[in-house]
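Below, each chain spelled out in residue letters.
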Amino acid sequence: MRGLSSVIIWSLVLGCGVGGEATSQFNGTVALSYVEAQLGFGPRIPNTEGHRRTGDWILEQLAERADTVEVQAFSHVTVDGDTLRLRNLLARFEPDSTNRILYLAHWDTRPRADASANLAEQRMPVPGANDGASGVAILLGVADELYREPPAYGVDLLFVDGEDYGDFTGPDVLMGSRHFTANLPEGYMPLFAVLFDMVGDRDLQIPQEGHSVNGAPEVVDRVWRQAQELGYGRVFQSRVGMSVTDDHIPLLEAGIRAIDVIDFSYPYHHTIEDTFDKVSARSLEIVGNVAVALVR
């Protein structure tokens, strides 16, 4: 019976009406201001003042919008022996709803611009306008809309920490999503989850990420069909792109139907050129409209 109930619930999600979705009012200009606000704190590297202030600011925004806000504080010892103080931030809308949808983004930034061509620049921190701030801006913009008009389902907005710290072949990355999935509330299993990462690029092109297609193809189909219905087929491209190690991987491993919405062709990834001028209000609005329509 449990499997049958899951099928019925999923059918309801896939079949939800689309009549009002094109009127979604996600505000790309406001979302862009959220990117700018984050950059104003400087690099959001764990254990720095900029990181602390950014986390506090996100919490302030969520407290004004969400029904409940939770902080999941934890520490992580790196392979070099450093202890990182980290926080996952979880905002919940309609917290009593059984049927839930999870959106997430990482809010930290990378301490080293190791993809920069200049060797000296590789020691500098990544500003993280697109890689970090754009995903946070999407979630905050979604929070604005859900505060204005409650969603049809329970919605959780998860801001994960420690995604971008170390070597992506080692344990010092995806720390927040790993901690979250290792400490899920009892019985917590959202209908699906969508990760938003690097979604503000002025030349936005979002193919279907490889692990997402393999791990949760029905969620990929739902999101891309929604984008098509809103007229965003040129951005949400119906082709399979790269497989990316990102925060959706721990969720998939925990049995959550999670996908990654990401433009991994971004040329300034992990460089000091990942700056405010590379991000577009229009790109944020496109992704935000899709995100909001999915929960209407």
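Our subject is the structure that appears above.
Residues numbered from 1 in each chain as written. Predicted model: local features only at pLDDT ≥ 70, side-chain atom pairs only at ≥ 80, totals over all residues. Heavy atoms only, no water.

(A) Looking closely at the overall build of the chain. Summing up its helical and strand segments, the chain has 9 helices and 8 strands in all. Its C-alpha atoms give the chain a radius of gyration of 18 Å, near enough to 19 Å, the size a compact globule of 296 residues would have. Considering only C-alpha atoms, the chain reaches an extent of 55 × 40 × 35 Å along its principal axes. Within the span of the chain, comprising 296 residues, buried residues form 55% of the whole. Of the accessible surface of the chain, which amounts to about 12200 Å², a share of 51% is contributed by carbon and sulfur atoms. Averaging the positions of the 23 positive and the 42 negative side-chain charges in the chain gives two centres separated by 2 Å. (Helix = DSSP H or I, 4+ residues; strand = E, 2+ residues; numbered from the N terminus. Rg over C-alpha atoms; globule rule 2.2 N^0.38 Å. Buried < 20%, exposed > 50% of the residue type's maximum accessible area, 1.4 Å probe, protein only. Areas by Shrake-Rupley, 256 points an atom, 1.4 Å probe, with all protein chains shown as cover. Lys, Arg positive; Asp, Glu negative; His and termini not counted. Charge placed at Lys NZ, Arg CZ, Asp CG, Glu CD.)

(B) Seen up close, the sheet that holds strand S3 (residues 100-106). With mixed pairing, 6 strands are arranged side by side in an open sheet as S1-S2-S4-S3-S5-S8. Lying at the two open borders of the sheet, with one neighbouring strand each, are strand S1 (68-77) and strand S8 (258-262). Neighbouring strand axes in the sheet, compared pairwise and without regard to direction, differ in orientation by 20° on average. (Pairing = 2+ DSSP bridges. Axes fitted to C-alpha atoms, helices over the stretch in contact; angles between N-to-C directions.)

(C) Fine view of the packing of helix H7 (residues 217-229) against helix H9 (residues 281-294). Between H7 and H9, whose axes approach to 10 Å, the crossing angle comes to 115°. Crossing hand, H7 versus H9: right-handed. On H9, the residues that touch Arg 222, Val 223, Gln 226 and Ala 227 of H7 are Val 290, Ala 293 and Leu 294. A breakdown of the residues in the contact of H7 with H9 according to their chemical character gives 5 nonpolar, 1 polar and 1 charged. (Left-handed = near helix turned anticlockwise from the far one by under 90°. Contact = heavy atoms within 4.5 Å. Nonpolar A, V, L, I, M, F, W, Y, C, P; charged D, E, K, R; others polar.)

(D) Spotlight on the environment of Ile 286. When you line up the elements, Ile 286 lands in helix H9. Sequence separation of Ile 286 and Gly 231 is 55 residues, and the distance between their C-alpha atoms is 9.4 Å. Among residues more than four places away in sequence, those in contact with Ile 286 are Tyr 232, Val 235 and Phe 236.

(E) Quick look at the side chain of Asp 161. On the secondary structure map, Asp 161 appears in the loop between strand S4 (154-160) and helix H5 (175-182). Although Asp 161 is buried, it forms no salt bridge, and the closest oppositely charged side chain is Arg 87 at an N-O distance of 5.8 Å. In terms of polar contacts, Asp 161 uses its side chain to reach the backbone amide nitrogen of Arg 87, at 2.8 Å. Excluding residues that lie within four positions of it along the chain, Asp 161 makes contacts with Pro 46, His 51, Arg 85, Leu 86, Arg 87, Asn 88, Trp 107, Asp 108, Met 175 and Gly 176. (Salt bridge = Lys/Arg side-chain N within 4 Å of Asp/Glu carboxyl O. Polar contact = N/O pair within 3.5 Å; in protein donor to acceptor, adjacent residues only side chain to side chain.)

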